[in-house]
Structure formats: C-alpha cells, structure tokens
Amino acid sequence: MQHKYLSLIVAAALGAMSQGAGASGYRFGSQSVSAQGTADANGAEANDPSTIFYNPAGLSRLDGMRVGAGATVVAPHSTFDDAGSTHFTGQPAGGSAASGYVPDNAVAPSLYASRKIDDRWTVGLGVFVPYGAKLNYGNTWTGRYALTDVKLEAYTLNPSASFKLNERHAFGIGLDAEHMNASLGQAVDVPGTIAALSSAAGAAQGAALARRIAALGGNPALLRTVGDGHGSNDVKDWGWGYNLGYMFTLDQDTRLGLGYRSSILHKLRGSTVWDFSTVTSDPVVNNVLAASSRRANSAALIAVRTPETVSANIFHQFDARWAGMADLTWTRNNRMDNLNIEFPGTGEGAEVIRQQWRNTVRVALGGNYQYSEVLTLRAGFAYDQSPVKTTLAHPALPDGDRRQYSIGAKWKLNAASSIDLAYSYLDVKDVSVNYTNDCNPLNATCTGNGETTRGRFQTHVSLVGIAYNYKF
C-alpha cells in the first residue's frame, strides 16, 4: 500500500504565479492603490513612487523625496458545487460540501519611497505583496484527496534607480528579492486503498496486511472502518530577479512606457509530516497502515521558475481636467509545465503535477478627471486571461478569466500630502473542475491519491484600498 501523496498540489503553481500587476493566477490584490483606481492602466502616468513596480523609468519624473504607504483589503466570495468527486477506485469520495473555504478578507500592504539625486538620477525602494492565497476546505470535504488547505505568503523588496538621458528618454532598473512561504495540507486515501485491497485483485495483499496487524496485537476488523490519513507540508525560499523600464516623453501631454520583469528561480525547501493517528481507534492498526504506506516524515524540494512579464503602456493628458491611459501586459506562463516534487533522503519517486499553464494577455483602460484643485477622480476596466487550462483546473486554483471594474480618487490634503482611495470588483468566470491524478496509492512507481475532483466554482472578489503619500 502506497500512501505517498504529498500535500504539495498548490506548490505546483508557485512558480507560475505572475508578478505582473494585472496577472491572474495567484495575484494578490493590488501593488498600488493609485494604480488600482485605474485598473492598473497607469504604467506610463508615473505620478508617485509606486511606478517602481510598473515602470522604474518613471522615477525620473519625481522630484524631491516621496513616500507612499498603502494597503488593499481583499474580500473574496466563492462557492463550489460538487459534481461527482471519486476515489481512485471510482467510488464516490463522500464527505461534506465545501463552504466557508475562503477568508472573509485579507490585507496586502505596500510601501514605496523615492529620492531625486540630481537632474539625471533618481533612486527608490518598493516593498509589496506580489501574490498570495489562502483556502481552507476542511478535512472532510468531497475534494479532500486533492487538497484540504493552503496558505501562501510572498513579499518582494525592489530597490530601483532611473537615469534620465534627456527630456525624451529615461531608463530604469530594479533588483527583486522575493520570499515565498507556503503551508499545505491534503487527505490520504486510506479508505479507497483498503477497498481496493478487499477486491479479488488485491485480496492476497489485503490478507497479508490483516495478518501483520493481528501478529502485533491489533484488531484487523477495524480495517472496515478506516478513515483518512493526512499530510501537511511547509516550504519556503528566497529568489532573485530584476526589472527594467523605459519611458519616452513625446511632449508634455503624452508618454509611452515599456516594462519588463524577469523570471525568478525558486528552490522551495521544507518538510513533510504524515499523520495516521486518527485512521482508526487502534494505535497498532494505525502504525501498521503508516508503515505500509512507506511514507515517513521527510524533506521536500521543488524547483520552479516564475514567468517573466512584458508591459507596454501609454498616458495622454487631453486637457486640464481629463487624462486617459492604457496598458497591455503579456505574461509567459508556459514555463509551468509538469512539475516534479522531490523527497530528498527517501526512496520515493517524485510526484508529477500536471499544470501546463498557458501564456496570457491583460488589457487595461483607465482615466483621470480633475474634479477640483484638491480632488482627482479615477476609473478603469481590465480584462485578464487566466493561465489555467480548462482541462487541468484544480481546487488549488479555481481561477478563470477576470473582468476588473475599478474606481478611485486622490484627495490632496495640503501641498505635501495626499490620500488615495480605490475600490475594485473582480468578476471571475465560472470554472468547471474535472481533474484526475494520474497516479494512485497502489502504484509503487509514482506518488498520488488517484482521485478525481469534479465540480464548479463561482467566484468574485472585492478590493478596497487606501494609501497615504507624503512629499518632503
């Protein structure tokens, strides 16, 4: 019996989480409240230090020293309707309905600072949350053999500098230090395995298991009442990359920008803990099942490389009140093909997770309206493709194409300070899940529960952001 399925399904997607401001997948909220107000269409506007994230060349437009601190509250809502999830034997997985698996809210903070050195050089620092996830389906839901819970936290330190060649051309560069930390959980399909060993094909192996339990003083009759085991995992890593920017100023009203953010190699390391203590009420039976699974607490290693992004954007001031802007971002997600999860120090083969994400495009349009000397209003719309292929959708990432509707405002408190406000509504296309793991617990050459998770997700998200800006 091989209960080897590591609770790292979600980690398969860690390397594919786009760092682009508008990327779907595991994108967490917003990296800038002012940008959120225009649905992240303002990459060429460059009116505050958050340009570090979108286009570091925009630092050349900022004078003096500036600081901006903000936070975006992410309030998701999601429902799942099961459509016949099964054990690897084909029998219904059973269990409870999924409910309350997304948090009421989560917070994505950001901090940016810039300082003009001279007429050519400006430097800055950004600290932000590029992506994140938190799902807790519980240990009894119908899709527990695919995933019970996941929590992903990431943050990036992004020191940057810009060089202004002349009044038309400016260049920017930034270094990215990125930290990821994830905890994950998954049920182990002991009931399905025992059912398979009770069939004619597995009878001999099942009888040997019962004899082993009896020889150690356990009660083999309890095999008819087994529950699930559980695996939990923690992994983390620092990764390093860079981002580049170019800004062309056509005239005082029109700017065009290009941005590039590199891929980052992560070697996520951590530990795996297996728990069979509640499979039955007999510790002897539980210990034999744990030993028969050939799974021991061990290390975990996953090597992944995040995708790079390329953005093109434009800003135009139509008159004293109206300004328009647009952004087009391409993300190379296809670096995430099948992923091998390794168990160093054991004889277990790697688990193969099928992701095979696709490249995506995000289009955003936005505008500013100068309502008064102290109040600027913003609005924007974006369409964001999901990297997840329909045939490989998984409860670890119930993500579909998104439409984002945003409004925002900047309120000038005095000559030195201002407040940004933003609200966004993300309408996520319904996602049908029909994912079967290619391995099963009786296959000694691979790792997997062999489960099939079937159902439909309906999701929408609200974002509320506030930021304070100060100019020295």
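These numbers come from a predicted model, not from an experiment.

A.B. asks: What is the right way to read helix α3 (residues 190–197) from this model?
C.D. replies: Counting along an α-helix, one turn takes 3.6 residues, and residues three or four places apart therefore face a common direction. The buried fraction of α3 amounts to 6 of the 8 residues, a majority that puts the element mostly inside the structure. Three or more residues of α3 are buried, namely Val190, Gly192, Thr193, Ile194, Ala196 and Leu197. Those residues of α3 that are buried are in contact with β6 (169–188), α4 (203–215), β7 (229–251) and α5 (283–292). Its side-chain oxygen at 2.8 Å from the backbone nitrogen of glycine 192, aspartate 189 defines the N-terminal cap of α3.

A.B. asks: Any chance you could explain empty space enclosed by the protein here in plain terms?
C.D. replies: It is a probe the size of a water molecule, rolled over the atoms, that shows where empty space is left. The final tally for this structure, using the stated rule, is 5 cavities of 30 Å³ or more. Forming the walls of the second largest cavity are 15 residues, and the residues nearest its centre are Ser32, Ser50, Tyr112, Ala467 and Asn469. Where the lining of the second largest cavity is concerned, the elements lending two or more residues are α1 (33–36), β1 (65–82), β2 (106–116) and β19 (452–471). For the lining of the second largest cavity, a count of residues per class yields 5 nonpolar, 8 polar and 2 charged.

A.B. asks: Mind showing me how you'd approach the confidence of the model for the protein chain here?
C.D. replies: Interpreting fine coordinate detail is not advised for predicted regions of low pLDDT. Per-residue confidence for the protein chain gives a mean pLDDT of 88; residues scoring 70 or more make up 93%. Counted against residues more than four places away or in other chains, residues 1–26, with its pLDDT under 50, gives 151 contacts.

A.B. asks: Explain the packing of aromatic side chains here, please?
C.D. replies: Each aromatic ring pair is summarised here by two numbers: the centre-to-centre distance and the angle between the ring planes. One pass over the full model with this rule turns up 16 aromatic pairs. Seen from their ring centres, tryptophan 121 and phenylalanine 163 are 5.0 Å apart, and the 50° between their planes marks the pair as tilted. Here tryptophan 121, found in strand β3 (residues 121–128), pairs with phenylalanine 163, found in strand β5 (residues 149–164); they are 42 residues apart in sequence, far enough to count as distant. Assessed through its relative accessible area of 24%, phenylalanine 163 is described here as partly exposed. Each ring, one from phenylalanine 171 and one from tyrosine 246, has its centre 5.3 Å from the other, and the planes form 40°; the classification is tilted. Taken together, the residues span a long stretch of sequence, with phenylalanine 171 in strand β6 and tyrosine 246 in strand β7 at a distance of 75 residues.

Conventions we followed
Residues numbered from 1 in each chain as written. Predicted model: local features only at pLDDT ≥ 70, side-chain atom pairs only at ≥ 80, totals over all residues. Heavy atoms only, no water. Buried < 20%, exposed > 50% of the residue type's maximum accessible area, 1.4 Å probe, protein only. Helix = DSSP H or I, 4+ residues; strand = E, 2+ residues; numbered from the N terminus. Contact = heavy atoms within 4.5 Å. Polar contact = N/O pair within 3.5 Å; in protein donor to acceptor, adjacent residues only side chain to side chain. 1 Å grid on protein atoms, 1.4 Å probe; cavity = no way out; pocket = protein on both sides within 12 Å on 5 of 7 lines; lining within 4 Å. Points joined across faces, edges and corners; volume = space filled by probe spheres on them. Nonpolar A, V, L, I, M, F, W, Y, C, P; charged D, E, K, R; others polar. pLDDT = per-residue confidence, 0-100. Phe/Tyr/Trp six-rings, centres within 6.5 Å; stacked < 30°, edge-to-face > 60°.

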